[in-house]
Amino acid sequence: MPVDPVAKKPASDAKGSADRFLSDGVVLLVPEETVLEGMIDGWETQQRARMLANLTIERRTQIVRRLVAFTNDYPWNWSSMDVEEWTAHLVDSGVAHSTVRLYQMAASLFCAYITDVRYRWDEVCQRYFRVHPVQVFHEWNTVVHRGEYEGRPGNRPLTRDELQAFFDYCDERVNRVGLSGRKGWLASYRDATLFKVIYAWGLRRREAAMLDIVDWTANSAAKEFGRNGALSVRYGKALNGGPPRRRTVLTTMGWAAEAVAEWVTEIRPLYDTDHLAMWPTERRARVGTESISHRFAEYRDAIGLEKHLGPRCLRHSYATHLLEDGFDHLFVQQQLGHSWGSTTAIYTSVGTDYKNNALRRALDRAFTAE
């Protein structure tokens, strides 16, 4: 008969391990509280192993403790009705829709942990309480998304006319400041190029702010862009508390490659700095994300765009315009650095012309095939 490797595994005395409660001869003076704390400790250990941020772990633990306090019962006794009453209480208290969903997700993950047989909490509960924990969060008692699109209005993509007006204002400001002889021409030129780069490579604010001039390389598959055929993004959005993620974004717009080349070779050297930062300041520092937001808001207001629009809308515009121009969805997803296509879908809002053209192409192929 084959031997169960789990059964042969020696019990662990590690804090938060279910195994220590299964050791022979263990007597718990306050079993309910002791097991509850062991579950929470074990769950925190599991989350740290996944490289989650300490703040995330702390907040999730607080949510579980709040649910324990609300139900006045222990997790192995929870039922679906407890979830529904707790949710109703949160809604009646004025908690936002998205926050309720966040609370439910955290508690659901905790339930998934204690019901996973690999962690043996079911055995612990059977030994001490003659019950076993169950997953009480399911599709019938959890909050659903309000709509197919939940992106923030301030992140909507700009139309091509709005984008052109924005870039025209950037360039006009450079000319106006230069003709006036006032200080700030170099900074205006820098900011104009910065916004063009954010759009043309679909960058987040921090990704753009942390660029260095050495991050640009040639792409043998697109020699027409010269040494600016690809951009190495070194400070991409971290995943679950991990280090910044890196990705390479391929150049797709020739006018943007020309703007970068002019900035690096002709304009940026006027800062007279040995710093590698792509966007230096007069104090030889690096342009910050708040400065990017402030300057974007200034230009946005000057051309009459909505007050809630932020620089992130340039990244959304990039994704939308690539799709409208016929680029493959997977290509756009990889350019943006998204792990899931559903995330890219939130970024995009293709126009009616694009959808009609896509329909026409599909119909033409279908009828031609006949």
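Residues numbered from 1 in each chain as written. Predicted model: local features only at pLDDT ≥ 70, side-chain atom pairs only at ≥ 80, totals over all residues. Heavy atoms only, no water.

A. Layout of the pattern of salt bridges. One pass over the full model with this rule turns up 22 salt bridges. Linking Glu-123 and Arg-120 is a salt bridge whose minimum nitrogen-to-oxygen distance equals 3.1 Å. Using a relative accessible area of 33% as the deciding quantity, one classes Glu-123 as partly exposed. When its relative accessible area of 17% is taken as the criterion, Arg-120 is described as buried. Close ionic contact of Arg-286 with Asp-212 constitutes a salt bridge, the shortest N to O distance being 3.1 Å. With Arg-286 in the loop between helix H10 (254-267) and helix H11 (289-302) and Asp-212 in the loop between helix H9 (205-209) and strand S1 (216-217), this residue pair connects regions lying 74 residues apart in the sequence. (Salt bridge = Lys/Arg side-chain N within 4 Å of Asp/Glu carboxyl O. Buried < 20%, exposed > 50% of the residue type's maximum accessible area, 1.4 Å probe, protein only. Helix = DSSP H or I, 4+ residues; strand = E, 2+ residues; numbered from the N terminus.)

B. Representation of the nonpolar core within the structure. Among the nonpolar cores identified, the biggest contains 50 residues, and Phe-195, Trp-201 and Met-278 are the most heavily contacted of them. If you list the elements that add at least two residues to this core, you get helix H7 (160-180), helix H8 (185-200), H9, strand S2 (230-236), H10, H11, helix H12 (312-324) and helix H13 (329-336). For this core, the element with the highest residue contribution is H8, accounting for 10 residues. Membership of the second largest hydrophobic core comes to 33 residues, among which are Leu-22, Trp-43, Val-68 and Ala-106. (Core = buried A, V, L, I, M, F, W, Y, C linked by side-chain atoms within 4.5 Å.)

C. Expanded view of the pairing of S2. Within S2, 6 of the 7 residues are buried, which leaves it mostly tucked inside the rest of the structure. The sheet contact formed by S2 and strand S3 (residues 245-250) spans 5 bridges and is antiparallel. Residue pairing across strands places Leu-231 opposite Val-249, the latter belonging to S3. (Pairing = 2+ DSSP bridges.)

D. The arrangement of H13 in detail. For H13, the full list of buried residues reads Val-332, Gln-333, Gln-335 and Leu-336. Along the long axis of H13, the arc covered by the buried residues comes to 165 degrees, so they all point the same way. Here H13 starts with a cap whose side-chain oxygen sits 2.9 Å from the backbone nitrogen of Leu-330, and that cap is Asp-328. Downstream of H13 by one or two residues, Gly-337 has phi in the positive range, about 85 degrees. (Arc of directions from axis to C-beta. Polar contact = N/O pair within 3.5 Å; in protein donor to acceptor, adjacent residues only side chain to side chain.)

E. Spotlight on the packing of aromatic side chains. Summed over all chains, the structure comprises 25 aromatic pairs. Considering the side-chain rings of Tyr-113 and Tyr-119, the 4.6 Å spacing of their centres and the 50 degrees angle between planes classify their relative orientation as tilted. Site record: aromatic cluster; members linked through ring pairs are Phe-166, Phe-167, Tyr-169, Phe-195, Tyr-199, Trp-255, Phe-296 and Tyr-299. (Phe/Tyr/Trp six-rings, centres within 6.5 Å; stacked < 30°, edge-to-face > 60°.)

F. Structural context of unusual backbone geometry. Here Asn-72, not a glycine, exhibits a phi torsion of approximately 55 degrees, which is positive. Along the polypeptide, Asn-72 turns up in the loop between helix H3 (54-71) and helix H4 (80-92). Residue Asn-72 is classed as exposed on the basis of its relative accessible area of 70%. Although it is not a glycine, Arg-120 sits at a positive phi angle of roughly 65 degrees.

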